[in-house]
Amino acid sequence: MKPLLFTLRREPDQRLDLSALAPDRLVGRKAAEIEAIEIGTTKVSVKVGDVFKVRLGDPKTVHYEGGSDRFDLLGARLLPGFEIYIEGDVGAQLGREAKGGTITVVGDAGPFAGSGMTGAHIDIHGDAGDFLGGPLAGEIAGMAGGRIVVRGGVGARAGDRLRRGVIVIEGDAGEDLGSRVMAGTIVAIGATEGRVGYLNRRGTIVLGQPRDLGPCYVDCGPHNLTFARMLSRSLAEESRKASRLLAQQLRRYGGDTAALGKGEILTPL
Amino acid sequence: MPQLVRKGIRIDESFAEAFPMSGTGLVITAPTRKWALQAAHTMTGFATSVIGCGCEAGVDYELSPRETPDGRPGVRILLFAMSSKDAEKQLVNRLGQCVLTCPGTAVFSALDGEFQIKVGDAVRQFGDTWQMAKMIDGRRYWRVPVMDGEFLCEAKVGLTKKSVGGGNLLVMGSDWESTMRATEAGVEAIRAVKDAIAPFPGGIVRSGSKVGSKYKGMGASTNDAYCPTLRGVTDSALDEDIGCVLEIVIDGLTDAAVREAMRAGLKAIIALGPKHGAKRIGAGNYGGKLGPFHYHLKDLLP
């Protein structure tokens, strides 16, 4: 069956909350019903039909033709078995609290992509904004499962308070990559800035480009790590660059010793 | 006892009587095949019979680096016990003493059973808070720092209550050499069957037992009916041309695996012929009332 298709009519005049278009909630709905769903975020009403042309299909796969950096909360609370594919950019909180499924963005994503998610696979072909996978203000934990692959670069504080899951950044990362991570894994292939792994508790950060990590990370020498080899195999399809990086012998730096200090930064020799 | 004859070997019209068991297993990997096997053999060493060892365990098969989760040579071991609680206790204990200690090893679940045993979740505390958990493809692993690097151990391994223990073959020949030749051929064939093990030394047991004893407090004692040195003085089950009896005991994850293993063993022993091998093959049972699984030799003949 053909995918459910949303074709962008025109750039929206305001930010949109697309969490109402969670695919599991579109099962069995008619096109007219979907077009009547309210997605505006101001006092001016915006309905799906105002922004998109809807072509009915199987909501297991939802296809967006055309995107906008005003598309907030796309794929929020996505459930396992559903797939979202968007040709274009998305706004903030892509895949927020997603429990499963896959989201592919052929474009850039805004801040807080994958925030609080617990199981989805997110693939962003362009860049992602600040706080990739991070928690919103007041939340204790960030991303808690699943996988994010960003082909381009990311903004500041990517992987903030990461708890579980894997984040792969194939491009460059902004300031303070992996700040306050509690566990989980971040792989950054490109250049990094600022305090990498600041206040890292028990997380793993793998850097493609070795750099000075400051005094709070302590060299533990080169090692062949069984888990890295397994992760390398697991990532082979999603990111060959990450897979290749993890297959080598890695130098382990323990830290952040200013915090719990049981995490690590791994770099090639 | 009524008998059939295959290639000159007499086959008793008897059956092996087997019991339900809880079965679990591990895949143990190491940088080299030698150390993977070492860990497997150490862990399954004192595990011949549930009576004295708490469990029955053995090597199922070896895995090439392409077949293991971490790309290193591996060995799959299986462990069987009378209850899932016993299986868990034995597995965790043996893992902690024999595999955690063995250089280079990593441990993975060998089967997806209906139940799960906490394995990594038990040995992780050896890490004294330096241990780290990693989720890879939906499975959780513990990384425990040890003196040669890291011990990687899957958090949970599968356990099935559908296992069967006690499939057996009694191999009877004229002397020790020919009987051993036939029994070894049988064990070799059984090793090739997946999901089944022969837990005794080299897969073979020479001290078959009967229920009960003349002594108080002994639950089992030597099976005098099959002892060749007692042929004249006891109610013997042996014929005049039998001078040695060896037994192969088989445990399997499923009823089908035990059946297949017995079939393979029978085939190999019969193929060897009576001149250099066994003259007669039998099977041990308790009259059929104790165990729900009956494997009739006549149904398994080649």
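Above this note sits the structure.
So, here's what we can say about the structure. As the structure is a computational prediction, the values presented were derived from the model and not from experiment.

Cut-offs applied
Residues numbered from 1 in each chain as written. Chains lettered and ligands numbered in written order. Predicted model: local features only at pLDDT ≥ 70, side-chain atom pairs only at ≥ 80, totals over all residues. Helix = DSSP H or I, 4+ residues; strand = E, 2+ residues; numbered from the N terminus. Rg over C-alpha atoms; globule rule 2.2 N^0.38 Å. Buried ≥ 20, exposed ≤ 12 C-beta atoms within 10 Å, placed from the backbone. Contact = placed C-beta atoms within 7 Å. Nonpolar A, V, L, I, M, F, W, Y, C, P; charged D, E, K, R; others polar. Core = buried A, V, L, I, M, F, W, Y, C linked by C-beta atoms within 7 Å. Axes fitted to C-alpha atoms, helices over the stretch in contact; angles between N-to-C directions. Parallel < 35°, antiparallel > 145°, perpendicular 65-115°, else oblique. Left-handed = near helix turned anticlockwise from the far one by under 90°. Pairing = 2+ DSSP bridges.

Moving on, we come to the overall build of chain B. For chain B, the count of helices and strands is seven helices and 17 strands. Against the compact-globule benchmark of 19 Å for 302 residues, chain B has a radius of gyration of 21 Å, which places it among compact chains. Projected onto the principal axes, the alpha-carbon positions of chain B cover approximately 65 × 45 × 30 Å. Within chain B, the proportion of its 302 residues that are buried is 48%.

For the rest of this paragraph, the subject is the overall build of chain A. The secondary structure content of chain A amounts to four helices and 15 strands. The C-alpha atoms of chain A give a radius of gyration of 19 Å, which matches the 18 Å a tight globule of 269 residues would have. Across the 269 residues in chain A, those meeting the buried criterion constitute 52%. Taking the contacts inside chain A whose residues are at least 6 apart along the sequence as the reference set, 41% of them involve residues at least 24 apart.

Residue and element names in this part refer to chain B. Summarising the element assignment, His296 is placed in strand E17 (residues 293–296). On the basis of neighbour count, His296 is assigned to the partly exposed category, with 14 C-beta atoms found within 10 Å. As for His296 and Gly208, which are separated by 88 residues in sequence, their C-alpha atoms are 19 Å apart.

This next bit is on the environment of Val187(B). Residues and elements named next belong to chain B. Note that Val187 resides in helix H5 (residues 176–191). C-beta crowding within 10 Å serves as the criterion here: with 23 such atoms nearby, Val187 is assigned to the buried category. Residues Val187 and Leu111, spaced 76 residues apart in sequence, show a C-alpha to C-alpha distance of 23 Å. Once residues lying within four places of it in the same chain are set aside, the contact partners of Val187 are Ala198, Gly202, Gly203, Ile204 and Ile248.

This paragraph deals with the interface of chain A and chain B. The interface is formed by 14 residues belonging to chain A together with 16 residues belonging to chain B. For the side of chain A that touches chain B, the element with the highest residue contribution is helix H3 (residues 226–235) of chain A, accounting for seven residues. When grouped by side-chain class, the residues that make up the side of chain A that touches chain B number five nonpolar, four polar and five charged.

With that settled, consider unusual backbone geometry. That bond from Gly255(A) to Asp256(A) is cis: its omega, 0 degrees, falls within 30 degrees of zero. Structurally, the position occupied by Asp256(A) is in the loop between strand E14 (250–255) and strand E15 (263–268). Positive phi, close to 55 degrees, is recorded for Arg180(A), a residue that is not glycine. Among the secondary structure elements, Arg180(A) is positioned in the loop between strand E10 (164–169) and strand E11 (185–188). Classification of Arg180(A) as buried rests on a count of 22 C-beta atoms within 10 Å. Look at Thr129(B): it is not a glycine, yet its phi comes out positive at around 75 degrees.

Residues and elements named next belong to chain A. Counting through the fold element by element, Met182 comes out in the loop between E10 and E11. The class of Met182 is buried, set by 20 C-beta atoms lying within 10 Å. In this structure, the C-alpha to C-alpha distance between Met182 and Phe71, residues 111 residues apart in sequence, is 30 Å. Apart from residues lying up to four places away in sequence, Met182 is in contact with Ala141, Arg161, Leu162, Arg163, Arg201, Arg202 and Gly203.

Before going further, it helps to examine the nonpolar core. One broad rule of soluble globular proteins: the nonpolar side chains tend to lie buried together. Core analysis: the biggest nonpolar cluster contains 165 residues, and Val168(A), Ile28(B), Ile77(B), Cys153(B), Val171(B) and Ile281(B) have the highest contact counts within it. With nine residues, helix H6 (residues 255–272) of chain B is the largest single contributor of residues to this core. Excluding residues that lie within four positions of it along the chain, Ile77(B) makes contacts with Gly25(B), Leu26(B), Ile28(B), Ala40(B), Met43(B), Thr44(B), Ala57(B), Gly58(B), Val59(B) and Asp60(B).

Our focus in this paragraph is the packing of helix H1 (residues 33–43) of chain B against helix H3 (residues 84–99) of chain B. All names here are of chain B. At their nearest, the axes of H1 and H3 sit 9 Å apart, and the two run at 135 degrees to each other. The pairing of H1 with H3 is recorded here as oblique in orientation. Seen from above, H1 lies across H3 with right-handed handedness. For the pair H1 and H3, the contacting residues are Ala39, Thr42 and Met43 in the first and Arg94, Cys98 and Val99 in the second. Among the residues forming the contact of H1 with H3, the class breakdown is four nonpolar, one polar and one charged.

All right, on to the pairing of strand E9 (residues 144–150) of chain A then. As a general feature of sheets, a regular strand has side chains that alternate between the two faces. All names here are of chain A. Counted residue by residue, E9 has six buried out of seven residues, so it is predominantly covered. Relative to E9, strand E8 (residues 121–124) is paired through four bridges, and the arrangement is parallel. Looking across to E9, one finds that Ile124 is bridged to Val150. By the bridge criterion, five bridges tie E9 to E10 in an arrangement that is parallel. Looking across to E10, one finds that Ala144 is bridged to Arg164.

All names here are of chain A. Two elements in contact, H3 and helix H4 (residues 240–247), have axes separated by 8 Å at closest approach and are oriented at 160 degrees. As the angle between them shows, H3 and H4 are arranged roughly antiparallel. Considering the relative orientation of H3 and H4, their crossing is left-handed. Contact with H3, carried on its side by Ala228, Arg229, Leu231, Ser232 and Leu235, involves Ala242, Ser243, Leu246 and Ala247 of H4 and no other residues of that element. Residue composition of the contact of H3 with H4, grouped by class: six nonpolar, two polar and one charged.

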